[in-house]
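# Summary of structural features
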Amino acid sequence: MIKKITSILIAILILTFSQIKADEGMWIPLFLKKYNIEDMKKKGFKLTAEDIYSINKASMKDAVMIFGGGCTAEIISDRGLILTNHHCGYSSIQSHSSLEHDYLTNGFWAMSDKDELPNEGLTVTFLVRMEDVTSQVLNGVSDEMSYDEQEKIIAKNIEKVEGKAQKGNNYKISVKSFFYGNQYFLFVQKVYKDIRLVGAPPSSIGKFGGDTDNWMWPRHTGDFSLFRIYANENNEPAEYSENNVPYKPIKHFPVSIKGVKKNDFTMVFGYPGRTQEYLTSYAVDMIKNKINPHRINIRQNIIDIMSEDMEKDRAVRIKYASKYARVSNYWKKWIGENRGLEILNAVAKKEETEKQLTEWINKDEDRIAKYGNLLPDFKKLYSEYTPYKLAEEYFYEAIWRMESMKFSSKMASFIRNSEKDKDAEIEKIKKYGKKFFKDYNVSTDKKIFKTLLKLYYENAGSDFQPELMNMFKTFSHFDLDEETILNNYVDYYFENTFYLNEDNFFDFIEKYNYGSESNIKITETPAYNFFYDFVNVYYAKIKPNTEKYTSQINKKTKLYMRALMEANPEKNFYPDANSTLRVAYGKVDTYEPRDGVLYDYYTTLSGVIAKVNPEIYDYNVPDRLIELYNKKDYGKYAENGKMHVCFIASNHTTGGNSGSPVINGNGELIGVNFDRNWEGTMSDIMYNPDQCRNITLDIRYVLFIIDKFAGDKRLVEEMDIVE
Ligand code: ARG
Ligand code: ASP
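What counts and what doesn't
- Residues numbered from 1 in each chain as written.
- Chains lettered and ligands numbered in written order.
- Predicted model: local features only at pLDDT ≥ 70, side-chain atom pairs only at ≥ 80, totals over all residues.
- Heavy atoms only, no water.
- Helix = DSSP H or I, 4+ residues; strand = E, 2+ residues; numbered from the N terminus.
- Rg over C-alpha atoms; globule rule 2.2 N^0.38 Å.
- Buried < 20%, exposed > 50% of the residue type's maximum accessible area, 1.4 Å probe, protein only.
- Contact = heavy atoms within 4.5 Å.
- Areas by Shrake-Rupley, 256 points an atom, 1.4 Å probe, with all protein chains shown as cover.
- Lys, Arg positive; Asp, Glu negative; His and termini not counted.
- Charge placed at Lys NZ, Arg CZ, Asp CG, Glu CD.
- Core = buried A, V, L, I, M, F, W, Y, C linked by side-chain atoms within 4.5 Å.
- Near = heavy atom within 4 Å.
- Polar contact = N/O pair within 3.5 Å; in protein donor to acceptor, adjacent residues only side chain to side chain.
- Nonpolar A, V, L, I, M, F, W, Y, C, P; charged D, E, K, R; others polar.
- Patch = residues over 30% accessible without salt bridge, like charges linked within 9 Å, V, L, I, M, F, W, Y side chains within 5 Å.
- Salt bridge = Lys/Arg side-chain N within 4 Å of Asp/Glu carboxyl O.

From N to C terminus, the protein includes 27 helices and 20 strands. By the compact-globule yardstick of 27 Å for 723 residues, the protein fits well, its C-alpha radius of gyration being 27 Å. With the C-alpha coordinates aligned to their principal axes, the bounding extent of the protein is approximately 75 × 70 × 60 Å. Across the 723 residues in the protein, those meeting the buried criterion constitute 56%. Of the contacts made within the protein by residues no fewer than 6 positions apart, 78% connect residues no fewer than 24 positions apart. When the accessible surface of the protein is totalled, it reaches about 32000 Å², and 50% of it is carbon and sulfur. Computing the positive centroid from 97 side-chain charges and the negative centroid from 104, the protein places the two 4 Å apart.

Structure representation (structure tokens):
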């Protein structure tokens, strides 16, 4: 009887494991032909796997790039014009902005090549090719070896593979691990360094709804900006130069203005950053119940302070716009993630998977020998790891988020390096200071500093407090309450750190005479000592432990991943996102966020207008947009008299997919990916096909804004528009 029940259970297990949940997955472009293309065709894709990724002919991969550090962009003309999100171009747009030229508020449109603005440090990265190098990387590695031994050989092998690939070229070469060390790929990339700002709508369009609407559907944000790749006369990468010319791509996307309907095939091709789909229940429990609540609370505190100051002063709003957006983005994401995990019952679902896997393991002696201890080990590891992980989060989220902390760290490296190359270091720190003070408001920083220090003191754990925190104990002997002690310290900190004052900083740097006497001025400041104390605690007590535990967890995860794959041989696994190029595909679809509520798949300009409220910064649109709406002056971009703005689909995406091309069954561009719905943000840990949607900006709205709103017709003319 028992045997019968187990075999039924196993049958169910195999069934649930092997059903690839509709539309879940971020697939490796190299393997589409093997695993996905038939399924994609069934769902409406009309081209071949080679049209997406090929090293023998121009393919879509030649028109998709990593934009900056963490977004995706795509080429949309034969003159290297690229499209990404407004929020991806945000810091570039912001860095060109001031009260006089406020491109954030007013938008920016280059009416000729000459007007396009260079952005120091901004790059785009193309994938030249990728290659499965698993057998080379795992050459000489055996299961009998210890994990550390294995890792040593792997590191050596990787070095060899990379060295060979680097010979005779200037490509960027890297080998990356997939499935937690069960598979390895070589990536050959080409980096272009002269990327110029071409166009950006005003934030009232590009960031419409701001952080209030962020991570939400229905959405009305025109989240796009335009850049152009410049190359040298041989079409090759070059540092910025006036002589550079627009890059001539081998492939660019045609742009379709035919629109989308429910159930249409869509594909997102881009660079998802990180997902953790194969975590154990212990890990999900840690993230959801022990880490996320603290992260959310720390950021809530920062947000409250920043928004109060930004509301009061327009200059502060400009200075802190980018910082605020960065902090608030994941604050909101974690709130959504926790709710989604709760509703999905994610921890219990993981426990169920683990129970089934354990049954599979226990059926065979070999499996017991190899995998028998895995789950109990995970349980122990996570419980020991949690306090260190929490302290690390507090270090990064609270201490490292203090603006003065970053300045002090620059001062530390200035001292360290100025002996070697004085003049260069002086130039570097001056430049840093200029940028720092452009966007700095000391009273905001002071309030945030005080709040974060208190949060750290109260929550990071008593083992991780630097010497300095003894002040709370010392001074309490004198009958001072904590609030007074803290206030006194904060005043002392800011009054006695000369470099947190712009004039004093530049004055000091002008007179700097390279030597210990000058350096003492820096090292005796409270901010410098604070920095030093906290960094010491981090390196002595936090980092060694988080590293120890993550390395042990990684070691187990490698085996765990293998066990999952062996237990489910018919399941098509996809690797977690790791900032490499992936294909997600799905369909345009509605969803039910709550019982009795159905969300449609698209939004229109009338929804923008309905939200308009000149009193609220996030909902105050330009008059010109209202005018166009009133006249229904949409040109050829309308559908049945309506201007569509955004649509949703079931593509599995994550951070890094922002700016990714959203492509129809014919390989034409139909939109730019920019977000997910709040109900679906747990997809980084567990995907739910009923609730997870990616949010796309309809390409017709992009064209309408460029053409009708901004009148930058030359840009529309250089695209290939499919009507
Ligand atoms: N949530 C989107 C993503 O993770 C967009 C973020 C930018 N927008 C914002 N209002 N902060 O990046
Ligand atoms: N908005 C995200 C990004 O910037 C995309 C996402 O998390 O869905 O990459």
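Having seen the structure, we can now continue with the description.
Residues M267, F530, L605 and Y701 are the most contacted members of the largest nonpolar core, which totals 211 residues. A per-element tally of this core places helix α23 (residues 526-567) first, with 16 residues. If we ignore the near neighbours within four places in the chain, the residues touching M267 are M40, F45, I52, M60, V583, A584, Y585, N651, P661, V662 and I663. In terms of nonpolar packing, the next biggest core, distinct from the first, is built from eleven residues, V133, I154, V175 and Y184 among them.

Around ligand 2 sit H87, W215, T654, G655, G656, N657, S658, F674, D675 and R676, and that is every residue in its neighbourhood. In this structure, R676 approaches ligand 2 through a side-chain N or O atom, which is 2.8 Å from an oxygen atom. Here ligand 2, which alone exposes 270 Å², has 92% of that area covered by the protein. Per element, the largest residue contribution to the shell around ligand 2 is three residues, and it comes from strand β18 (residues 669-676). Along the lines of polarity and charge, the residues of the shell around ligand 2 split into two nonpolar, six polar and two charged.

Moving on, we come to the environment of Y171. Inspection of the secondary structure assignment puts Y171 in the loop between α8 (147-166) and β7 (172-178). Taking the C-alpha atoms as reference points, Y171 and L127, separated by 44 residues in sequence, lie 9.8 Å from one another. When sequence neighbours within four positions are dropped, the list of residues in contact with Y171 reads V128, Q166, V188, Q189 and K190.

The next subject is a nonpolar patch on the surface. Judged by side-chain polarity, F475, F478 and L480 come together as a nonpolar surface patch covering roughly 290 Å² of accessible area. By secondary structure assignment, the location of F478 is in the loop between α19 (470-476) and α20 (482-495). Relative accessible area serves as the criterion here: at 59%, F478 is assigned to the exposed category.

Attention shifts here to the site of ligand 1. With respect to spatial proximity, the complete set of residues near ligand 1 consists of H87, K207, G210, D211, N214, W215, A325, N329, S658, F674 and D675. A distance of 2.9 Å separates a nitrogen atom of ligand 1 from a polar side-chain atom of D211. In the model, a nitrogen atom of ligand 1 is placed 2.8 Å from a nitrogen or oxygen of the D675 side chain. Relative to its unbound accessible surface of 340 Å², ligand 1 loses 90% to contact with the protein. Every element with two or more residues in the shell around ligand 1 is listed here: α10 (210-213), α12 (314-344) and β18. Residues of the shell around ligand 1, tallied by class, amount to three nonpolar, five polar and three charged.

Okay, the pattern of salt bridges next. Across all of its chains, the model carries 55 salt bridges by this definition. In this structure, D213 and K611 form a salt bridge, with 2.7 Å as the shortest nitrogen-oxygen distance. Placement of D213 in helix α10 and of K611 in helix α24 (residues 605-611) is noted, with a sequence separation of 398 residues between them. The partner of K428 in a salt bridge is E425, and the shortest N-O contact between them spans 3.3 Å. With K428 and E425 both in helix α17 (residues 422-438) and three residues apart, this pair spans about one turn of that helix. By relative accessible area, K428 is classed as exposed at 51%. Assessed through its relative accessible area of 10%, E425 is described here as buried. Salt bridges sharing partners connect three or more residues here, namely R79, D113, E116, R228, D712, R714 and E718.

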